[in-house]
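Remarks on the overall topology
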Amino acid sequence: MTMDAYRIGSEPYYRSVGDEETVFAAAYGARMPVMLKGPTGCGKTRFVEHMAWKLGRPLVTVACHEDMTAADLVGRFLLDPSGTVWHDGPLTLAVRHGAICYLDEIVEARQDTIVVIHPLTDQRRILPLEKLGTVVAAHPDFQLVISYNPGYQSVVKDLKESTRQRFAAIDFNYPDALIEAEIVVREAGIGAPIAERLVEIGRRSRNLSGHGLDEGASTRMLIHTARLVAGGVPIERACHAGLIAPITDDPDMRQALRAAVAACLQ
Amino acid sequence: MTLREAAGPGLRPAGTGGDASARRLHELVRPREALYAAFRDSWPRIERIGPPAALEAWSAAAAELINAHAGAGTLLAFASITERLGRDLGLDALAAIGREAAEICRHAGRRPAEAALTVLPSLCARGGHAFVADVVDRYRVVTEVARARRGSVLPLLGVMATVGRAMTPTALSAWAAAGLRATATGSAAEAEAYFGLKTPLSRRVLAESGGDGFAARERALSAIFLALWGIRPVIRARDFDGGSAPVPRTGIAGQVIQVPPVPPILPPALAARYYEAALAHVGAHARFTPRKFQAGELKPVSIALVSLVEDARVEALAMREMPGLRRLWGPFHEAAEVEAPSSFGLIARLGRALFHLDRHDDDPWVEKGRRLFIERLDRLEDPAIPREIANLVGNDLGQMRLPFNAKTYLVEPAYRDDNLGLWEFADEPDHPAEAHEVAHDSVRIERKEDPDDPDARGDPDDAEESEGAQSATFAPAGPVIVRYPEWDHAAGVFRPDWVTLREAVPAPAGTSSRYAAADAAVAARIESIVRRAAIGRSVRLRRQSEGEQLDLDAAIDAASDLRRRETPDPRVFQRRAQRHRDLAALLLIDASESTRRLVAGTRSRIIDLEVAAVRLVSGAMAMLGDSHAVWAFRSAGRDEVSIAALKAFAEPAEPAAERFAALEPGLSTRLGAALRHSTAALAGSRSLRRLLLVVTDGQPYDIDVDDPAYLVEDARKAVQMARDRGVDVFCVGLGTEESEAGKRIFGARNYFPVARLSDLPAKLAMLYFRLALR
Ligand SMILES: Nc1ncnc2c1ncn2[C@@H]1O[C@H](COP(=O)(O)OP(=O)(O)OP(=O)(O)O)[C@@H](O)[C@H]1O
Ligand SMILES: [Mg+2]
């Protein structure tokens with residue numbers, strides 16, 4: 001089994017915003033599991049890609065969801081003409097071959113799924129494969145990274161304390177206005193003045209997070225909007241399509257977002 | 001008799017046969033000497049308004065007034081408003097108004113009819129432009145009221161001339177209809193109080209029905225403020241001040257932003273954006289006015305000028321960040337009253353020049369102000385600028401000897417605040433400078449508007465002082481609903497018909513938002529849980545014996561079992577099912593005397609927390625569409641167990657804050673009877689799951705019972721009987737001390753103590769969702 005498919009060819013663009021690269025590199029050096037905390041679309045995934053490239057490791061990404069079972073992570077028997085054959089899941093793959101395994105939005109997974117990572121995150125660094133009756137010892141280069149959106153937590157879904165405490169955490173947030181504008185310019189190929197306006201609007205939408213909106217507009221949305229503008233959509237229209245309509249259907253909140261757009265545009 | 005003779009010198013024939021009403025009118029008027037003289041004078045001017053057909057209608061209406069015995073004064077008032085407003089409104093509209101006035105007269109008498117006519121100009125804005133379209137509909141409202149409550153017409157007209165001006169006719173009519181309904185069985189004085197906006201109910205209904213009014217838009221406006229400025233605002237609508245005109249400007253009082261309950265008189269396009277513009281201006285102050293100005297010995301006119309320049313300064317700074325605000329504020333400057341007499345017009349004009357800095361103004365004084373401001377654009381952050389400029393232009397204004405009357409000065413444009421919040425007025429009685437007096441006067445006037453709203457004053461102490469006095473919010477002994485038996489544990493028998501249950505409707509109290517300030521973070525959290533729950537996500541049911549899809553894991557297990565020659569589990573399917581909610585829930589709140597105690601370390605009483613928590617959860621349940629009710633209970637002996645429905649099952653939305661605010665604790669806790677009544681209500685529900693959630697702070701107790709175990713055992717019996725009838729009963733107990741009784745009554749597994757009261761809202765919500773999903 002070759003991991004080529006999981007290697008990152010060219011350097012992913014990542015604009016560093018603090019000491020996150022240093023912390024991550026040190027954690028990797030100690031093979032310490034890392035938890036990236038932050039709102040959606042603020043660059044967590046891009047950061048992991050960037051670090052995997054920098055550290056020269058393959059990256060196995062799993063988007064977690066509530067129907068995900070332990071088998072989806074670890075592997076399962078499949079039927080083929082000769083009978084049943086075992087098929088490694090993405091986590092097992094990463095564990096065997098020394099990749100960085102990135103479990104995106106881990107809280108979405110059910111508790112009984114999440115617990116399979118526990119033995120990987122302490123001194124043992126092992127992955128028991130119950131169905132096979134064996135245990136896989138982690139490759140020395142293997143590292144586990146999870147992402148976690150604290151704004152999203154609810155009574156129903158939250159990381160258990162026993163899970164949480166196994167990780168070093170790096171806090172992410174939307175970058176400062178100037179840096180965010182720089183990212184928008186670069187990712188959307190649009191002029192700085194428009195990027196700056198969009199960032200202003202984005203910041204205002206974030207004022208509403210937790211007060212009617214679950215979250216404000218992410219960097220990702222600003223980039224989307226900027227791309228629409230680059231594609232010839234008038235800016236006000238682009239703001240509606242790129243960052244008002246997707247966020248909320250609540251008429252009051254839409255009104256507030258429209259007011260923010262109107263106020264920030266010339 | 002020829003037409004000309006009959007009509008007299010004033011009346012020119014308008015055509016053959018098409019002027020019958022006009023002739024008839026003159027016949028009616030002529031015998032009344034004094035009236036005739038005045039009327040003849042007006043007639044030609046009215047006639048010129050035309051067209052002839054409308055003049056006929058108008059004449060018929062005037063004749064109707066005479067026939068209704070409306071009196072000379074009324075008729076002349078009709079003629080005079082017609083002269084004034086005929087061209088703007090058209091004679092047809094005036095004819096319709098005249099007919100309504102006649103109808104008012106028939107039901108309520110002359111004075112109201114005359115008042116109805118003389119109030120007309122104030123229903124139309126300056127020069128009568130823009131708002132006349134639906135003026136007739138407003139008159140129909142007055143007529144309706146006149147039919148049912150003659151004495152209420154005058155107070156109603158007073159309201160219409162002030163706050164009612166900005167309301168749509170539909171809103172006005174809804175408010176009036178609610179008043180007629182609410183006072184249907186009451187006295188005339190009660191109706192008059194309602195229509196004079198003297199009762200809390202009346203004010204609330206008016207605030208809530210005014211389409212353009214603040215109440216309807218509060219949530220969106222708060223959100224806009226938060227988005228633009230990053231500050232969560234506390235916005236309060238000023239009270240409607242019965243009869244007298246409200247201060248039609250916003251005010252900043254510490255942390256509280258006060259806004260008029262309905263927008264001031266403005267062209268409709270501006271009225272629609274009034275609140276947005278006004279709050280954006282307040283936001284600019286919040287952000288860029290660093291501290292209050294010291295009034296010291298400043299003259300009122302200087303205070304006005306400094307404020308004006310400060311307004312321009314903060315707006316200019318705000319527009320640097322948010323250039324689009326210019327499009328919001330600009331149109332208001334175009335509509336501002338810059339031609340007003342005295343110095344007001346000039347000051348308003350300076351305000352406009354400082355807003356449109358690129359426009360030259362012909363007035364040298366205004367132009368000087370504009371130049372001074374432009375010279376300082378590169379250091380606009382400097383809060384000293386307003387005083388500098390005001391000093392320089394203030395002297396010139398003094399030399400022009402234009403009078404400035406601080407009592408009638410009104411900040412222009414209308415979206416700007418009244419400036420009082422910008423100033424610190426020294427409180428020295430030995431310096432009775434004019435500025436102080438005026439300033440203090442206006443402050444006082446402003447304060448008077450909400451004497452009984454402790455929130456608006458930001459002074460929590462007052463709320464507490466008044467508590468002791470108002471424990472009688474439950475009607476003392478309401479109508480009997482039913483009698484329930486009670487369990488005598490010592491004798492082992494039921495005492496039949498032992499307890500009398502009465503209905504208590506909590507009277508709406510004056511304070512409106514005592515509990516509104518529930519912890520925002522908790523509220524947001526509950527809201528997001530609800531949103532998630534409301535989506536009604538489907539769940540995948542695995543290992544089913546039938547279904548649309550194979551459950552891969554189960555199938556493989558089965559296959560490998562087969563290979564190993566073991567008996568496979570045949571449940572290898574999976575299917576999706578909608579999470580279905582079919583439940584009826586009742587929240588029962590203990591409102592007994594003990595809930596009046598303050599929660600340690602806070603200024604809130606237990607009842608306040610109970611109510612805040614229950615309101616949050618009730619709101620969440622409403623969002624989910626769960627059928628639910630909220631009741632409160634207390635007792636004073638077995639003859640008087642009172643139950644108040646704060647929200648009935650049938651009421652669709654979250655109950656109004658007032659009803660909760662009116663909930664005053666008192667007396668005792670006869671839990672068993674309340675449980676029996678709740679059970680009866682729930683057992684009648686057709687829902688699959690019936691949930692009774694009791695929130696109490698202690699153990700059952702009543703004045704006429706000595707045996708401490710008696711009421712506990714009775715309540716326990718009531719819970720058991722509820723379970724037998726398919727009602728799930730749970731209890732949230734506040735505090736830890738009395739948990740033994742709670743466990744005894746509800747069973748240890750169904751009793752959830754909450755030791756830290758501040759946790760109650762979150763705990764209650766969580767508990768509800770857990771239980772509801774079970
Ligand atoms: N610091 C950054 N440098 C470069 N690009 C960035 C940065 N932050 C955000 N982006 C841009 O934003 C987009 C979204 O970021 P990303 O997908 O990494 O978000 P995320 O935090 O992983 O979101 P989610 O939690 O939804 O998965 C990226 O595709 C990238 O274009
Ligand atoms: Mg101001």
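Refer to the structure presented above.
The structure reproduced in this document is the subject of the present report. (Residues numbered from 1 in each chain as written. Chains lettered and ligands numbered in written order. Predicted model: local features only at pLDDT ≥ 70, side-chain atom pairs only at ≥ 80, totals over all residues. Heavy atoms only, no water.)

All names here are of chain B. Bridge count for strand β6 (residues 480–488) against strand β7 (residues 493–503) is seven bridges, and the pairing is antiparallel. Among the inter-strand pairings, V482 is bridged to a residue of β7, identified as L501. Between β6 and β7, which pair antiparallel one after the other, the connecting turn spans four residues, and G492 there sits at a positive phi close to 70°. (Pairing = 2+ DSSP bridges. Helix = DSSP H or I, 4+ residues; strand = E, 2+ residues; numbered from the N terminus.)

Our focus in this paragraph is the packing of aromatic side chains. Scanning the entire structure with this criterion turns up 19 aromatic pairs over all chains. Between B:F404 and B:Y409, the ring centres sit 5.1 Å apart and the planes meet at 45°, which makes this aromatic pair tilted. You can call B:Y409 buried: its relative accessible area is 17%. Counting every residue linked through ring pairs, the aromatic cluster contains A:Y14, A:F24, A:F47 and A:F172. When the ring centre of A:Y174 is taken as reference, the NZ or CZ atom of A:R206 above it lies at 3.8 Å. Sitting above the plane of the B:W498 ring, B:R495 keeps its charged end 4.9 Å from the centroid. (Phe/Tyr/Trp six-rings, centres within 6.5 Å; stacked < 30°, edge-to-face > 60°. Buried < 20%, exposed > 50% of the residue type's maximum accessible area, 1.4 Å probe, protein only. Lys NZ or Arg CZ within 6 Å of the ring centre and 35° of its normal.)

Now for the coordination of the magnesium ion (ligand 2). Residue and element names in this part refer to chain B. At the metal site, the magnesium ion (ligand 2) is ligated by H281 (NE2), H285 (NE2), D311 (OD) and D417 (OD), and these contacts range over 2.1 to 2.2 Å. Mapped onto the sequence, the residues coordinating the magnesium ion (ligand 2) show the spacing H-x3-H-x25-D-x105-D. Placement of the pair is D311 in helix α16 (residues 300–321) and D417 in the loop between α20 (385–399) and β5 (423–424), with a sequence separation of 106 residues. Neither D311 nor D417 differs from the other in exposure class; each is buried. (Donors = N, O, S within 2.8 Å, 3.2 Å for Na, K, Ca; no water.)

With that out of the way, let us pick up the site of ligand 1. Residue and element names in this part refer to chain A. T40, G41, T45, R46 and E187 are the nearest of the 17 residues found near ligand 1. In the environment of ligand 1, an oxygen atom lies 3.5 Å from a nitrogen or oxygen atom belonging to the side chain of D104. In isolation ligand 1 exposes 630 Å². Once the protein is present, 89% of that is buried. Looking at the shell around ligand 1, the elements with two or more residues in it are α2 (44–55), α7 (177–188) and α9 (219–230). Considering only residue class, the shell around ligand 1 consists of six nonpolar, five polar and six charged. Residue contributions to the shell around ligand 1 reach at least three from each of two domains, namely domain 1 (4–171) and domain 2 (177–265). (Near = heavy atom within 4 Å. Polar contact = N/O pair within 3.5 Å; in protein donor to acceptor, adjacent residues only side chain to side chain. Areas by Shrake-Rupley, 256 points an atom, 1.4 Å probe, with all protein chains shown as cover. Nonpolar A, V, L, I, M, F, W, Y, C, P; charged D, E, K, R; others polar. Domains from an automatic or database assignment.)

What follows concerns the sheet that holds strand β5 (residues 100–104) of chain A. In a beta sheet, neighbouring strands pair by backbone hydrogen bonds and run either parallel or antiparallel. All names here are of chain A. Spatially, five strands are ordered β2-β5-β8-β1-β9 in an open sheet, and the strand pairing comes out parallel. If you trace the sheet from one side to the other, it starts and ends with β2 (59–63) and β9 (168–171), each paired once. Each adjacent strand pair in this sheet contributes to an overall mean axis angle of 20°, direction not counted. On the sheet, helix α1 (residues 20–29) packs against β1 (34–37), β5, β8 (143–148) and β9 and is oriented at approximately 140° with respect to β8. (Axes fitted to C-alpha atoms, helices over the stretch in contact; angles between N-to-C directions. Contact = heavy atoms within 4.5 Å.)

On to the pattern of salt bridges, then. Close approach of charged atoms lets side chains of opposite charge pair. Residue and element names in this part refer to chain A. Tallying each qualifying case throughout the model produces 50 salt bridges over all chains. Of the charged contacts, one joins R166 and D122 as a salt bridge, the two residues approaching to 3.4 Å between their closest N and O atoms. Of this pair, R166 sits in the loop between α6 (161–164) and β9 while D122 sits in the loop between α5 (111–114) and β6 (126–129), and the two are 44 residues apart along the sequence. What makes R166 partly exposed here is its relative accessible area of 24%. (Salt bridge = Lys/Arg side-chain N within 4 Å of Asp/Glu carboxyl O.)

Time to look at the nonpolar core. Ranked by size, the top nonpolar core spans 104 residues in total, and within it A:L208, B:W229, B:L325, B:W329, B:W365 and B:W423 carry the most contacts. Sorting elements by how many residues they give to this core places α16(B) first, with twelve residues. In this structure, B:W365 is in contact with B:L305, B:L346, B:I347, B:L350, B:V393, B:D396, B:L397 and B:M400, ignoring residues within four places of it in sequence. Counting residues in each nonpolar core, the second largest holds 66 residues, with B:L35, B:C105, B:L120 and B:L206 among its members. (Core = buried A, V, L, I, M, F, W, Y, C linked by side-chain atoms within 4.5 Å.)

All names here are of chain B. Within the fold, A613 resides in helix α26 (residues 606–624). Given the relative accessible area of 0%, A613 is considered buried. If we ignore the near neighbours within four places in the chain, the residues touching A613 are L760, P761 and L764.

Glancing now at a nonpolar patch on the surface. On the surface, a nonpolar cluster with roughly 210 Å² of combined accessible area is contributed by A:L78, A:V85 and B:L552. Relative to the helices and strands, A:V85 resides in strand β4 (residues 83–88). (Patch = residues over 30% accessible without salt bridge, like charges linked within 9 Å, V, L, I, M, F, W, Y side chains within 5 Å.)

Let's shift gears to the interface of chain A and chain B. In this complex, chain A contributes 37 residues to the contact, which on the side of chain B involves 38 residues. Roughly 3,200 Å² of surface becomes buried between chain A and chain B when both sides are summed, with 52% attributable to carbon and sulfur atoms. Applying the counting rule to chain A against chain B returns four salt bridges. Across the pair A:R204 and B:E321 runs a salt bridge, and its minimum N-O distance is 3.0 Å. For the pair chain A and chain B, the number of links is 14 residue pairs in polar contact (both at pLDDT 80 or more). Of all elements in the fold, only β3 (75–80), β4, α8 (192–206) and α11 (251–264) of chain A reach the threshold of two or more residues within the side of chain A that touches chain B. The dominant element in the side of chain A that touches chain B, judged by the number of residues it contributes, is α11(A), at nine residues. Looking at the side of chain A that touches chain B residue by residue, the classes come out as 15 nonpolar, eleven polar and eleven charged. (Buried area = accessible area lost by both parts, 1.4 Å probe.)

The next point concerns the side chain of A:H118. All names here are of chain A. Mapped onto the secondary structure, H118 falls in the loop between α5 and β6. Within the structure, H118 has its side chain in polar contact with the side chain of T163 (distance 2.9 Å). In contact with H118, other than residues within four places in its own chain, are S162, T163 and R166.

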